[in-house]
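# Per-entry structural report
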Amino acid sequence: MAMLAMMRLMAMRRRRRRRRRIHARNGPIASVAARKGSPGEQDANPRGGKTTIYSGPNLPEDILHRIHSLLPLRDAARAACVSHAFLNSWRCRPNLYFSMEALGLKGILYGNDQIARGFTRNVDQILKKHPGTGLKTFGLAMNDCSTVKSCHIDSWLQFALTSGTEELNLAFASSGMAPMYNFPCSLLSGDSGNSIRCLRLSFCAFRLTARLCLRNLKRLHLYWVNITGDELGCLLCNSFALEQLELIYCMEIICLKIPRLLLRLSYLKVFSLASLQVIESEAPNLSSFVFANFNHRHIQLSLGEALQVKKLDMSCSCAIYYAREDLPTMVPNLETLCIDSHYETVNTAMVPSKLRHLKYLDIRLPGPKPEYRPDYDYFSLVSFLDASPSLETFILRIHVPEVRVEHGLFSGDPSHLLQMPGHHHDNLKRVTIAGFYPAKSLLELACYVLQCTTSLECLTLGTSYCSCWRHDSDPGKCFLLAIRTYFKGKVPSTARLDVQGPCSGVVVDFRRQGTITVFKGESLDGLSSVP
């Protein structure tokens, strides 16, 4: 669409310039003839054989360069072929991002050698005509061309760094067949690396052979990069302007230490598989921390005096247990907490410590599994609600690997549900249980929310695992029957209860995935469908 609009603008400017030339050569009579559609509007003069060359739309040069820089690489090259103005902009294009698709080679070249030669030839030709001035962003996406020689990549990086690029994005092939590219850290030494503000590396090795000082580096993202904890520490100690740090599956890091010198670091993201054992952060102004551990071994976590941490997202085994036990003292000013627990071995404990500033709580739990406590007590999550007096939104997401849940459903008397009288929550407004099924502890948790939350506006129950939409289902096991039985008369007059999913009976996309709502504590017999 951008290219089409650009060509229309250029055509309009071309017609105007033709009229001016005709008017200047033939006077007013020729201009009148031109308005009537005289043959003088043709691009080529059939008598003299001279072709008119369009120099571009009559716009300020800085605006032309800005428009041209926003075009994709292929469209920008095409515009440069038909316009002198865009040709000048192309030669000093600020954003160069090379990939098979951007170069128009996707689906044309086949075989590793042919792909490598075509990719190298195109990049060399473009960089040979680029003076290097004004280059801001340089990127290579080489997922489909793993056999490009390292010497060519080194020369391209040298061009980018000597040109003063501010953002460097390098994504190499993830195939184990090709050797991992070794990033030439020597190119960042001296003044060459001072212009770098953002560095993103994927599937390469980063071996520090000398001390680097990236004084302007603000964002560092490493994805599947071979770098040790000591090498990373040397890099961080001289990156005083760093604001964001992402380490995704850097397998050689065993102990991650974030120095206190990083006064501007506000965002830290760490994903680990097997090797990482310790995370120690002394960054005083860290405000957001994302952590995922896909290994069964517990990682020792220390955030120092993390008084500024307001948002925490953690994914690991027994995450709920550790969050309830450790977070109140580790991050006392936390406001947003997202927990993804791979499994829980014990129920959530009732401990006196508080998360007094927590306003948003999102918990994801696996559903019943025979190997990991199929009888997990969801009602024990009340411990989080009692520890969070400022909580406004609570979301519980239950993931069941099976398509439907038909076992472990409670069918006892409503009076047998556990109750905790005397508890009140004055700020909790929105509660959602996605993946709800009528297990006894889930029914108890929902009843607790309805009876003990004076500020409640809406309780939403997602019934995606109910089998009532199937032709072979048992109507007596529909989750809506349990909702009718156990929640009737318990919805406060100022709140509503929403039921989403198959139990709603509302057909959306050929399946019953709509919503039914109970308003102001009305009987569930008065359900009204909301599209």
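In case you missed it, the structure is sitting above this.
The sections below set out a description of the structure shown in this document. (Residues numbered from 1 in each chain as written. Predicted model: local features only at pLDDT ≥ 70, side-chain atom pairs only at ≥ 80, totals over all residues. Heavy atoms only, no water.)

## What about the sheet that holds strand β12 (residues 300-302)?
- An order of β8-β10-β12 is seen for the 3 strands of this open sheet, with the pairing classed as parallel. The sheet is open, and its two edges are formed by β8 (255-258) and β12, each paired on a single side. On average, adjacent strands in this sheet sit at an angle of 5 degrees to one another, irrespective of strand direction.
- Pairing analysis gives 4 bridges linking β8 to strand β10 (residues 278-281), with the strands arranged parallel. Note that in β10 the partner of Cys255 across the bridge is Val278. (Pairing = 2+ DSSP bridges. Helix = DSSP H or I, 4+ residues; strand = E, 2+ residues; numbered from the N terminus. Axes fitted to C-alpha atoms, helices over the stretch in contact; angles between N-to-C directions.)

## Let's talk about helix α11 (residues 479-487)
- Those residues of α11 not exposed but buried are Phe479, Leu480, Ala482, Ile483, Tyr486 and Phe487. With its buried residues spanning 155 degrees around the axis, α11 presents them on a single face.
- Just past α11, the residue Gly489 takes up positive phi, approximately 80 degrees. (Buried < 20%, exposed > 50% of the residue type's maximum accessible area, 1.4 Å probe, protein only. Arc of directions from axis to C-beta.)

## Overview of the nonpolar core
- With 136 residues, the main nonpolar core has Phe98, Phe119, Phe138, Phe206, Leu396 and Phe487 as its most contacted residues.
- Examining the composition of this core, we find that 9 residues originate from one element, helix α10 (residues 440-452), more than from any other.
- Ignoring sequence-local partners within four residues, the contact set of Phe119 consists of Phe98, Ser99, Met100, Leu103, Leu105, Leu140, Ala141, Met142, Cys145, Val148 and Trp156. (Core = buried A, V, L, I, M, F, W, Y, C linked by side-chain atoms within 4.5 Å. Contact = heavy atoms within 4.5 Å.)

## Remarks on the pairing of strand β1 (residues 95-98)
- Where burial is concerned, the two faces of β1 differ: the one with Leu96 and Phe98 is buried and the one with Asn95 and Tyr97 is not.
- Where β1 lies against strand β2 (residues 137-141), 4 bridges are found, and the strand directions are parallel. Residue Phe98 lies in a different strand from β2, and its bridge partner there is Leu140.

## Comments concerning the pattern of salt bridges
- Here the structure, examined in full by the defined rule, presents 9 salt bridges.
- Between Glu167 and Arg200 there is a salt bridge; the shortest N-O distance is 2.8 Å. Here the residue Glu167 occupies a position in strand β3 (residues 167-171), and Arg200 occupies one in strand β5 (residues 198-206), the gap between them amounting to 33 residues.
- Owing to a relative accessible area of 27%, Arg200 belongs among the partly exposed residues under this scheme.
- For Asp498, the salt bridge goes to Arg496, with nearest N and O atoms at 3.2 Å.
- For Arg496, a relative accessible area of 33% translates into the label partly exposed.
- Taken together, the shared-partner salt bridges connect Lys136, Glu166 and Arg197 into one network. (Salt bridge = Lys/Arg side-chain N within 4 Å of Asp/Glu carboxyl O.)

## Thoughts on unusual backbone geometry
- In the Ramachandran plot, Phe203 falls in the positive-phi region, its phi being about 55 degrees despite a non-glycine side chain.
- Here Phe203 shows up in strand β5.
- Judged by relative accessible area, Phe203 falls into the buried class, the value being 17%.
- Of note in the backbone geometry, Cys318 takes a positive phi value of approximately 55 degrees without being a glycine.
- Of note, Cys318 is situated in the loop between β13 (311-316) and α8 (319-330).

## Observations regarding the side chain of Asn194
- By the element assignment, Asn194 lies in the loop between β4 (181-183) and β5.
- You can call Asn194 buried: its relative accessible area is 13%.
- Engagement of the side chain of Asn194 in a polar contact is seen with the side chain of Asp191, the distance being 3.3 Å. (Polar contact = N/O pair within 3.5 Å; in protein donor to acceptor, adjacent residues only side chain to side chain.)

## What about the pairing of strand β7 (residues 244-248)?
- In terms of residue burial, β7 counts as a mostly covered element, since 4 of its 5 residues are buried.
- With 5 bridges connecting them, strand β6 (residues 219-226) and β7 associate as parallel partners. If you follow Leu220 over to β7, its bridge partner there is Leu245.
- As paired elements, β7 and strand β9 (residues 267-272) share 5 bridges and run parallel to each other. Bridged to Leu245 within β9 is Leu268.

## So, the packing of helix α5 (residues 112-129) against helix α6 (residues 150-162)
- It is the contact of α5 with α6, at a shortest axis distance of 11 Å, that shows an interaxial angle of 25 degrees. Overall, the two elements α5 and α6 adopt an arrangement that is roughly parallel. α5 and α6 meet at a crossing whose hand is left-handed. Every residue of α6 that contacts α5 at Phe119, Thr120, Val123, Asp124 and Leu127 is listed here: His152, Trp156 and Phe159.
- By residue class, the composition of the contact of α5 with α6 is 5 nonpolar, 2 polar and 1 charged. (Parallel < 35°, antiparallel > 145°, perpendicular 65-115°, else oblique. Left-handed = near helix turned anticlockwise from the far one by under 90°. Nonpolar A, V, L, I, M, F, W, Y, C, P; charged D, E, K, R; others polar.)

## Here's the deal with the packing of aromatic side chains
- Scanning the entire structure with this criterion turns up 17 aromatic pairs.
- On the numbers, 5.9 Å between centres and 65 degrees between planes, the contact of Phe98 with Phe138 is edge-to-face. With a gap of 40 residues between them, Phe98 in strand β1 and Phe138 in strand β2 connect regions that are remote in the sequence.
- On the basis of relative accessibility, which here comes to 0%, the residue Phe98 falls in the buried class.
- On the basis of an interplanar angle of 15 degrees and a centroid distance of 6.0 Å, the ring pair of Phe289 and Phe291 is categorised as stacked.
- With a relative accessible area of 1%, Phe289 lands in the buried category.
- Through a chain of ring-to-ring contacts, three or more aromatic side chains come together here, namely Phe203, Tyr223, Trp224, Tyr249, Phe271 and Phe294. (Phe/Tyr/Trp six-rings, centres within 6.5 Å; stacked < 30°, edge-to-face > 60°.)

These figures capture arrangement, not role.
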